[in-house]
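Secondary and tertiary structure notes
Residue strings, one per chain:
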Amino acid sequence: MSKVVKFGGSSLASAEQFKKVADIIHSDEERRYVVPSAPGKRFKEDTKVTDMLYACYDMAEAGKDFEKAIAAIEARYEEIIEGLGLDLNLDGEFEIIRKNFDGKAGSNYAASRGEYLNGIILANYLGYEFIDAAEVVCFDAEGEFDQERTNRLLSGRLAQCEHAVIPGFYGAMPDGSVKTFSRGGSDITGSIVAKAAQADVYENWTDVSGFLVADPGIIKNPRRIDVITYRELRELSYMGAGVLHEDSIFPVRQENIPINIRNTNAPEDNGTWIVGSTCQKSKYVITGIAGKKGFCCVNIEKAKMNSEIGFGRKVLEAFEENGISFEHIPSGIDTLTVFVHQDEFMHKEQKVAACLYRVAKPDSIEIEADLALIAVVGRGMKSTRGTAGRIFSALAHVNVNVKMIDQGSSELNIIIGVANDDFETAIKAIYDIFVLTNL
Ligand code: ASP
């Protein structure tokens, strides 16, 4: 049995947090490979080291004096080293970093140093081998993650060591230059390492005890999700539920390795299990609710649209030509509606409309803004009658007008479009009917 454990920024923000992390790792000998983030916030108003690095590098690139900014970053690491009483000196590392900043090594390189340095400290503290992610996590010449090469290199390397620390968030391009994943990308590294190690579990340690049924910013003390499938999670994180980087599901999903979200500050909590499939029913019919504001819908009307072959393609072509991705396309007999992100669409709306008239020749086009999409997700829906009915009666009860309904054929989710202003009310009503009342 082996486990890969990834610790997020807040779990490694100070010496005190490092001690908790070491206790967690040492309490289970199966926790063999460790993936750290850069030091995160120690308190609410604090700044993450990754953000400090980006800001510092911006100064370097603009030719400004960045000494004060880099000294502040150095101080963050020194505080940790001192607090742990380590015999470790990062002067040489910072000398190289200063030189590379002067040489304009790029913001990817700059940001990656957060994880790199934290990895060196953690490896030293645990007495584990340090594996630089630039040697084992590969991107291709186009900057896409190279899964095959990474898996080959990484699994070979891990097979040679009983324990190791592999910093998260970055890898290298074929020419050796450092490249990072998108923000929060250490989660992806953890998943890649779990796959390469053929781990039994990928534990992702953070500062909450797992996923919540709904956003705590909207629902006070929402219930925790005990077990969720990869597919359900994908739907929820796509709709904005945080905690885990959405791309981190793919590597472990291919191997059916479960992810366990855990809380560094409450290690006794079981957290949330993310699995391939399960016979465990969720307590409620739904597993979670998530949503996003800021959508526009473009309603396209054309008589006899239903019998015109290629109409849908022409409509989508107009969006494609303008570089806009669509979210949903509910359709009627003579109407087709395209949901798009408002911020992407707004400044191009007239171009898209002109293009639509040119290629699809509709009778009319109407654009509506300030809409929100809400996804109600649950594997339990498939075998339960009346889920949609309950959602809509709950919404009617609180006077929320439903603009759009979309149920995927997998019966895993129901997506609802409402006005931005009704977003919170709608989520509260759905949570209430399924979780609190649980009729
Ligand atoms: N440190 C990086 C960030 O803040 C990556 C991570 O923590 O996963 O985005």
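Residues numbered from 1 in each chain as written. Predicted model: local features only at pLDDT ≥ 70, side-chain atom pairs only at ≥ 80, totals over all residues. Heavy atoms only, no water.

A word on the layout of surface pockets
- For the largest pocket, the calculated volume is near 570 Å³.
- Forming the walls of the largest pocket are 24 residues, and the residues nearest its centre are Gly8, Gly9, Ser10, Ser37 and Lys48.
- Elements with a minimum of two residues in the lining of the largest pocket: helix 8 (186-196) and strand 7 (201-206).
- The dominant element in the lining of the largest pocket, judged by the number of residues it contributes, is strand 7, at three residues. (1 Å grid on protein atoms, 1.4 Å probe; cavity = no way out; pocket = protein on both sides within 12 Å on 5 of 7 lines; lining within 4 Å. Points joined across faces, edges and corners; volume = space filled by probe spheres on them. Helix = DSSP H or I, 4+ residues; strand = E, 2+ residues; numbered from the N terminus.)

Some details on the sheet that holds strand 3 (residues 129-130)
- Ordered by their spatial adjacency, eight strands build an open sheet running 3-4-2-1-7-9-10-8, and the pairing between neighbours is mixed. The sheet is open, and its two borders are formed by strand 3 and strand 8 (227-229), each paired with just one other strand.
- Bridging between strand 7 and strand 9 (residues 259-263) involves five bridges; their strand directions are parallel. For Trp205, the partnering residue across the bridge sits in strand 9 and is Arg262.
- Set on the sheet, helix 1 (residues 15-26) makes contact with strand 1 (3-7), strand 2 (31-36) and strand 7; between it and strand 1 the angle comes to about 170 degrees.
- Packed onto the sheet, helix 9 (residues 230-238) meets strand 8 and strand 10 (272-275) and runs at close to 85 degrees relative to strand 8. (Pairing = 2+ DSSP bridges. Contact = heavy atoms within 4.5 Å. Axes fitted to C-alpha atoms, helices over the stretch in contact; angles between N-to-C directions.)

Structural notes on the pairing of strand 15 (residues 404-407)
- Across four bridges, strand 15 lies against strand 16 (residues 413-419) in antiparallel orientation. Directly across from Asp406, in strand 16, lies its bridge partner Ile415.
- Where strand 15 folds back onto strand 16 in an antiparallel hairpin, the turn is made up of five residues, including Glu411, whose phi is positive at roughly 55 degrees.

Considering the packing of aromatic side chains
- In total, this model carries ten aromatic pairs according to the counting rule given.
- Centre to centre, the rings of Phe101 and Tyr109 are 6.4 Å apart; their planes meet at 75 degrees, and the pair counts as edge-to-face.
- Among the residues examined, Tyr109 registers a relative accessible area of 10% and is labelled buried.
- Taking the centre distance of 5.1 Å and the plane angle of 55 degrees together, the rings of Phe139 and Phe181 count as tilted. Separated by 42 residues along the polypeptide, Phe139 in the loop between helix 6 (133-136) and helix 7 (147-159) and Phe181 in the loop between strand 6 (178-180) and helix 8 bring together distant segments of the chain. An identical accessibility class is assigned to Phe139 and Phe181; each is buried.
- Each member of the aromatic cluster is reached from another via a ring pair, and the members are Tyr57, Phe66, Phe101 and Tyr109.
- Taking the ring centre of Tyr170 as reference, the NZ or CZ of Arg113 above it sits at 5.5 Å. (Phe/Tyr/Trp six-rings, centres within 6.5 Å; stacked < 30°, edge-to-face > 60°. Buried < 20%, exposed > 50% of the residue type's maximum accessible area, 1.4 Å probe, protein only. Lys NZ or Arg CZ within 6 Å of the ring centre and 35° of its normal.)

Some details on the pattern of salt bridges
- For the coordinates displayed, the defined rule picks out 25 salt bridges.
- Notably, a salt bridge pairs Arg98 with Glu67, separated by 2.9 Å at the nearest N-O pair. Highlighted residues: Arg98 in helix 4 (residues 91-102) and Glu67 in helix 3 (residues 67-84), separated in sequence by 31 residues.
- The salt bridge partner of Arg157 is Glu135, with a shortest N-O separation of 2.9 Å. On the criterion of sequence distance, the pair formed by Arg157 in helix 7 and Glu135 in helix 6 is long-range, its members being 22 residues apart.
- You can call Arg157 partly exposed: its relative accessible area is 23%.
- Overlapping salt bridges, with partners in common, bring together Lys3, Asp28, Glu30, Arg31, Glu203 and Arg262 in one network. (Salt bridge = Lys/Arg side-chain N within 4 Å of Asp/Glu carboxyl O.)

Looking at the environment of Asp269
- By the element assignment, Asp269 lies in the loop between strand 9 and strand 10.
- Accessibility expressed as a relative area gives 25% for Asp269, which makes it partly exposed.
- Taking the C-alpha atoms as reference points, Asp269 and Ser209, separated by 60 residues in sequence, lie 6.4 Å from one another.
- Those residues in contact with Asp269 that lie beyond four places of it in its chain are Ser209, Arg224 and Arg262.

Some details on the site of the ligand
- Taken together, Ser37, Lys48, Thr50, Glu115, Phe169, Arg183, Gly184, Gly185 and Ser186 make up all the residues around the ligand.
- Between an oxygen atom of the ligand and a main-chain N or O atom of Ser186, the distance comes to 2.9 Å.
- Contact with the protein chains hides 93% of the accessible area of the ligand, taken as 260 Å² for the molecule alone.
- More than half of the atoms of the ligand fall within 2 Å of the grid points belonging to the largest pocket.
- Class assignment for the residues of the shell around the ligand results in one nonpolar, five polar and three charged. (Near = heavy atom within 4 Å. Polar contact = N/O pair within 3.5 Å; in protein donor to acceptor, adjacent residues only side chain to side chain. Areas by Shrake-Rupley, 256 points an atom, 1.4 Å probe, with all protein chains shown as cover. Sits in = over half its atoms within 2 Å of the grid points. Nonpolar A, V, L, I, M, F, W, Y, C, P; charged D, E, K, R; others polar.)

Side note on the pairing of strand 11 (residues 288-301)
- Examined bridge by bridge, strand 11 and strand 14 (residues 364-377) share eleven bridges and lie antiparallel to one another. Within strand 14, the position partnered with Asn299 by the bridge is Glu366.
- Of the pairings in the sheet, the one linking strand 11 to strand 13 (residues 335-341) comprises seven bridges and is antiparallel in character. Each residue of the ladder has a partner; that of Val298, found in strand 13, is Val338.

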